[in-house]
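Analysis of the macromolecular model
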Amino acid sequence: MGFRTYTCKIARNCGGCEWLSVPYPIQLRRKQEQVESLLGDMAASCGARIDKICGVAGEPLAYRHKAATPFAPAGHGRIRCGFYAAGTHRIIPCEKCLVEDPRARKILNGVARVAERLHIPAYEEDRGIGVLRHAVVRCGYATDDVLLTLVTNVPELRGPDRVVAALREECPEVTSIVQNVNTRRTNAILGKQNRTLWGTGVMHDKLLGCTFEIGPSSFYQTNPEQTEVLYQLALDAADLEGGMSVLDAYCGTGTIGICAAAANSGVEVTGVERVASAVRCAERNARANGVAERCDFVAADATEWMSRKAGERHFDVVLMDPPRAGSTPEFLHGVADLAPERVVYVSCNVQTQARDLEILLGRGYTLRSVTPVDMFPHTKHVECVASLRRTRR
Ligand SMILES: C[S@@+](CC[C@H](N)C(=O)[O-])C[C@H]1O[C@@H](n2cnc3c(N)ncnc32)[C@H](O)[C@@H]1O
């Protein structure tokens, strides 16, 4: 893939792909430099290597398997949908997005057309009135599942069967429809309550040969192709063998831990995740992949769980994959108290990762390697797998 660049009619306003006009090899070089500037000194002091970034193998397009739109009234019964202009809540319409699964934007625009036809009012953010707030689509990577979630400002949709019939006709790719209720005046897209309107209420996908059920409120990596690269790096760094015990912290639907258990017979996994519905998915996923007897998932705040459990259990390896804000000093000191041989820290924010690694380095761990992974081409975001080994207690 040479120095070709891509163009998008709304790139300037949308702000989602801030590096779209930068050739992909240069994007990768910038991300490599970003990681080296944040982790280079730390790696050098440990004698660790920073690997070359794992970029996307093919065209860096259509990689986002999750897409969302806000809705707003556009006058005369019309509904506006698309992307928020960067830094605002002004919606820019979008017919086709280069980085999304091609099915996704078509479906989101189809939802707006159905809402117009059925006179379902779009949400008015300023006044907190109206019905339809957002729609979210999740498309399978290895399956044809397409889960559509309608986020509403009301607990009950009027004539739900009519809405489902119209959506199925307009968007035949959709395999299940869920209503999510969010009545709060907040920027968060999803509320707490989900109601299945049609189908199973979940989607399925496959990663590294394992099958996963993903619910509307569960975290799932948006670029599954690169997720396989990321997870394989994490599993290689974990260097597991039968009989080992693994903590999968911030585990979502259990994806990394279940891949670890499936690839290594005899390995036992404990997963900790804050979202209770994701933990229920993780338990079903462990059963579906035949590893339930070796996997235990707990719904808890990771820091709070660590403060209760540290000292009670032995783990050979801690795998951790926290959100952008990173972990907490309490959790990291808890990890050091558990004294696993290896810690594998997967992060989508190298800044908070660097901060957290300092704590582990001060508690007897040394960096072995750092591997950047490009999960989000055309953006400045970079994912990173840091592999650590215990050198003293
Ligand atoms: C980056 S995601 C990783 C999930 C999973 N490892 C994966 O690859 O799909 C971070 C996860 O941490 C969970 N989370 C966020 N804060 C948490 C906390 N304080 N305690 C436990 N889990 C938390 C989120 O709900 C999310 O599922």
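Residues numbered from 1 in each chain as written. Predicted model: local features only at pLDDT ≥ 70, side-chain atom pairs only at ≥ 80, totals over all residues.

**Let's talk about the site of the ligand**
- Around the ligand, the structure places 19 residues, and the nearest of them are Phe-219, Tyr-250, Gly-252, Arg-274 and Ala-302.
- Elements with a contribution of two residues or more to the shell around the ligand: helix 6 (255-263) and strand 13 (268-273).
- A breakdown of the residues in the shell around the ligand according to their chemical character gives 12 nonpolar, three polar and four charged. (Near = placed C-beta within 6 Å. Helix = DSSP H or I, 4+ residues; strand = E, 2+ residues; numbered from the N terminus. Nonpolar A, V, L, I, M, F, W, Y, C, P; charged D, E, K, R; others polar.)

**Section: the UniProt feature "active site" (unreviewed entry) in the protein**
- Taking the UniProt record as the reference, the feature "active site" (unreviewed entry) is found at Cys-348.
- By the element assignment, Cys-348 lies in the loop between strand 16 (342-347) and helix 10 (350-361).
- Setting aside residues up to four positions removed in sequence, Cys-348 forms contacts with Arg-324, His-381 and Glu-383. (UniProt positions renumbered as here; feature names shortened; annotations may be inferred. Contact = placed C-beta atoms within 7 Å.)

**Let's talk about the packing of helix 5 (residues 224-238) against helix 6**
- At their nearest, the axes of helix 5 and helix 6 sit 10 Å apart, and the two run at 60° to each other. Taken as axis vectors, helix 5 and helix 6 run oblique relative to one another. Remark: the crossing between helix 5 and helix 6 carries right-handed chirality. Within the contact between the two elements, helix 5 uses Tyr-231, Ala-234, Leu-235 and Ala-238 and helix 6 uses Ile-256, Cys-259, Ala-260 and Ala-263.
- Class assignment for the residues of the contact of helix 5 with helix 6 results in eight nonpolar, no polar and no charged. (Axes fitted to C-alpha atoms, helices over the stretch in contact; angles between N-to-C directions. Parallel < 35°, antiparallel > 145°, perpendicular 65-115°, else oblique. Left-handed = near helix turned anticlockwise from the far one by under 90°.)

**A look at the domain arrangement of the protein**
- When the domains of the protein are assigned, the result is domain 1 (11-58 + 223-390) and domain 2 (66-203).
- Just the C-alpha atoms count here: the centres of domain 1 and domain 2 sit 31 Å apart.
- The partner domain 2 presents six residues to the eight residues of domain 1 that form the contact.
- Of all the elements in the fold, those that place two or more residues in the side of domain 1 that touches domain 2 are helix 1 (11-14) and helix 5.
- The class makeup of the residues in the side of domain 1 that touches domain 2 is three nonpolar, four polar and one charged. (Domains from an automatic or database assignment.)

**Concerning the environment of Pro-102**
- Positionally, Pro-102 belongs in helix 3 (residues 102-117).
- On the basis of neighbour count, Pro-102 is assigned to the partly exposed category, with 13 C-beta atoms found within 10 Å.
- The sequence separation of Pro-102 and Arg-64 amounts to 38 residues, and the corresponding C-alpha distance is 9.3 Å. (Buried ≥ 20, exposed ≤ 12 C-beta atoms within 10 Å, placed from the backbone.)

**Side note on the sheet that holds strand 17 (residues 365-373)**
- Strand order in the open sheet formed by eight strands is 1-17-18-16-15-12-13-14, with mixed pairing between adjacent strands. The open sheet has two edge strands with one neighbour each: strand 1 (49-50) and strand 14 (295-299).
- Pairing of strand 17 with strand 18 (residues 383-390), which is carried by eight bridges, proceeds in the antiparallel orientation. Looking at strand 18, one finds that Leu-367 is bridged to Leu-388.
- Across the sheet, helix 7 (residues 276-288) touches strand 13 and strand 14, and the angle it forms with strand 14 is around 170°. (Pairing = 2+ DSSP bridges.)

**Re the sheet that holds strand 8 (residues 176-181)**
- Read from one edge to the other, the open sheet built from six strands follows the order 3-2-6-7-8-9, with strand pairing classed as mixed. Bordering the open sheet on either side are strand 3 (78-81) and strand 9 (193-198), each of which pairs with just one other strand. Mean inter-strand twist for the sheet, computed between neighbouring axes without regard to direction, equals 25°.
- Where strand 8 meets strand 9, five bridges bridge the pair, whose relative direction is antiparallel. Across the sheet, residue Ile-177 finds its bridge partner in strand 9, namely Trp-198.
- The strands that helix 3 touches are strand 2 (66-75), strand 3, strand 6 (132-139) and strand 7 (146-152); relative to strand 6, the one it contacts most, it runs at about 150°.
- Contacts between helix 4 (residues 160-170) and the sheet are confined to strand 7, strand 8 and strand 9, with strand 9 contributing the most and set at about 65° to the helix.

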